[in-house]
Amino acid sequence: MPLLDDDRPDWERDGRDWPHRAASRFVEAAGLRWHVQEFGEPEAPGLLLLHGTGAATHSWRGLAPLLAQKGFRVVAPDLPGHGFTDPLPARRLSLPGMAEAVGDLAAGLGLTPRLAVGHSAGAAVLARMCLDRRIAPDLLVAINGALTPFPGVASFLFPGIARMLFLNPVTPKVFAWSADRAAVRRLIDGTGSRLDPQALDLYRRLFTRAGHVSGALGMMANWDLPALARDLPRLATRTLLIVGGDDKAIKPDDAFALRERLPNARVELLRGLGHLAHEEAPERVAEIVLAEAGAAQTSPR
């Protein structure tokens, strides 16, 4: 059963007061219509921001302007199927498929990112792009990155459940119908983060649209993290793993274990922050990212 047009977030309705709406535009690339936000001067070094599953550009409302103020051209798209960007067709709905689509978008925008920052699943897309040589940044930053499989049997169980939910056309609608303010707060609180009322309302606005929910489920259902994990030791890009000490979605210990498998990586632990650390403390995250970016630019490649 195909989703109706009304099931997708609508820019004039749901984006009427979207954060940094003046920075938004819509572009065509990879056969999709993308919602993209840009900050900073067009001639400045490029910085690509990719949000995680279930989010959209609003996730960067605090961080993106701070990075642009320090001399970057910041580009933040809604990932396919999320927010106001078209979904990928089923045959391309995979981690490599999404990496290819984002690569085509970056090329279409004339963006050669010197710095790539991704949250959760967005970090996995960026890692795949680096491995596939679609981008070659000086620094890759993963904020609570979803870069390794769930442990044990969960690595097989959770993608399978997501796939069943994605294939059931009723699931996104039921989720959307039940996404009231209390339910969204419970969901966000379950990640270990505490967000302000405006941030919670933006998530609620997206979660009440079945098309956005379907996009998030489709992303999870077709994610092959074991394949990415096998390839990560080839990731030569300088990598910063920012970890929220209170993250309940991805174990902080996973980043320390991953650091030992990466050729050029270090971990920055942020105590007192959860999975959405960049939304809770954008100034703190910006300071760390910019300091590491400066060190990367002065180091021999």
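Because the structure is a prediction, the values reported are computed rather than measured.

Each value, and the rule that gives it
Residues numbered from 1 in each chain as written. Predicted model: local features only at pLDDT ≥ 70, side-chain atom pairs only at ≥ 80, totals over all residues. Heavy atoms only, no water. Salt bridge = Lys/Arg side-chain N within 4 Å of Asp/Glu carboxyl O. Helix = DSSP H or I, 4+ residues; strand = E, 2+ residues; numbered from the N terminus. Buried < 20%, exposed > 50% of the residue type's maximum accessible area, 1.4 Å probe, protein only. pLDDT = per-residue confidence, 0-100. Contact = heavy atoms within 4.5 Å. Pairing = 2+ DSSP bridges. Axes fitted to C-alpha atoms, helices over the stretch in contact; angles between N-to-C directions. Parallel < 35°, antiparallel > 145°, perpendicular 65-115°, else oblique. Nonpolar A, V, L, I, M, F, W, Y, C, P; charged D, E, K, R; others polar. Phe/Tyr/Trp six-rings, centres within 6.5 Å; stacked < 30°, edge-to-face > 60°. Lys NZ or Arg CZ within 6 Å of the ring centre and 35° of its normal. Right-handed = clockwise from strand over helix to strand, strands pointing away.

Bringing the pattern of salt bridges into the picture now. Any two side chains of opposite charge can pair, so long as their charged atoms come close to each other. As enumerated under the stated definition, the model contains 19 salt bridges in all. Between Asp 231 and Arg 128 there is a salt bridge, with the nearest N and O atoms lying 3.0 Å from each other. With Asp 231 in helix H10 (residues 225-231) and Arg 128 in helix H4 (residues 121-131), this pair connects stretches of sequence that are 103 residues apart. A relative accessible area of 8% means that Arg 128 is categorised as buried. Put simply, Arg 181 and Asp 201 hold a salt bridge, and the shortest N to O gap is 3.7 Å. Taken together, the positions of Arg 181 in helix H7 (residues 181-189) and Asp 201 in helix H8 (residues 197-207) put the pair 20 residues apart, joining distant regions of the chain. Exposure remark for Arg 181: the relative accessible area of 59% places this residue in the exposed category. Through salt bridges with shared partners, one network takes in Asp 17, Arg 181, Asp 201, Arg 204 and Arg 205.

Our next topic: the confidence of the model for the protein chain. In the predicted model, the protein chain carries a mean pLDDT of 89, and 87% of its residues have values of at least 70. Here residues 1-5 scores under 50 on pLDDT; set against residues more than four positions off or in separate chains, the count is six contacts. Throughout residues 151-168 the model reports pLDDT below 50, and contacts reaching past four residues in sequence, or to other chains, amount to 18 contacts.

Our focus in this paragraph is the sheet that holds strand E7 (residues 239-244). Across the sheet, which stays open at both edges, the eight strands sit in the order E1-E2-E4-E3-E5-E6-E7-E8 with mixed pairing between neighbours. Either end of the sheet is taken by a strand with one partner, and the two such strands are strand E1 (24-29) and strand E8 (265-270). Within the sheet, the average angular offset between the axes of one strand and its neighbour, ignoring direction, is 25°. One ladder, built from six bridges, connects E1 with strand E2 (residues 32-39); its direction is antiparallel.

A few words on the packing of helix H3 (residues 95-108) against H4. A packed helix pair is summarised by two numbers, namely the angle formed by the two axes and the spacing between the axes. Where H3 meets H4, the closest approach of the two axes is 9 Å, and the angle between their N-to-C directions is 75°. Classified by the interaxial angle, the pair formed by H3 and H4 is roughly perpendicular. The residues of H4 that touch H3, namely those facing Leu 95, Pro 96, Met 98, Ala 99, Val 102 and Gly 103, are Ala 124, Val 125, Arg 128 and Met 129. Looking at the contact of H3 with H4 residue by residue, the class counts come to eight nonpolar, one polar and one charged.

Let's shift gears to the packing of aromatic side chains. A complete count under the given rule lists four aromatic pairs for this structure. Seen from their ring centres, Trp 11 and Phe 26 are 5.5 Å apart, and the 75° between their planes marks the pair as edge-to-face. With a gap of 15 residues between them, Trp 11 in helix H1 (residues 11-14) and Phe 26 in strand E1 connect regions that are remote in the sequence. Residue Trp 11 is classed as buried on the basis of its relative accessible area of 14%. Exposure remark for Phe 26: the relative accessible area of 24% places this residue in the partly exposed category. In textbook terms, an aromatic cluster arises when at least three aromatic residues are bridged by ring pairs, as seen for Trp 11, Trp 18, Phe 26 and Phe 84. Against the face of Phe 26 rests Arg 33, its NZ or CZ located 4.1 Å from the ring centre.

Before going further, it helps to examine the pairing of strand E5 (residues 113-119). The side chains of a regular strand alternate between the sheet's two faces. Within E5, six of the seven residues are buried, which leaves it mostly tucked inside the rest of the structure. Judged from the five bridges that link them, strand E3 (residues 46-50) and E5 form a sheet pairing that is parallel. Bridge pairing links Leu 48 to Ala 116 in E5. Direction of pairing for E5 relative to strand E6 (residues 139-143): parallel, over a ladder of five bridges. Bridge assignment links Val 117 to a residue of E6, and that residue is Val 141. Considered for its hand, the β-α-β crossover made up of E5, H4 and E6 is right-handed.

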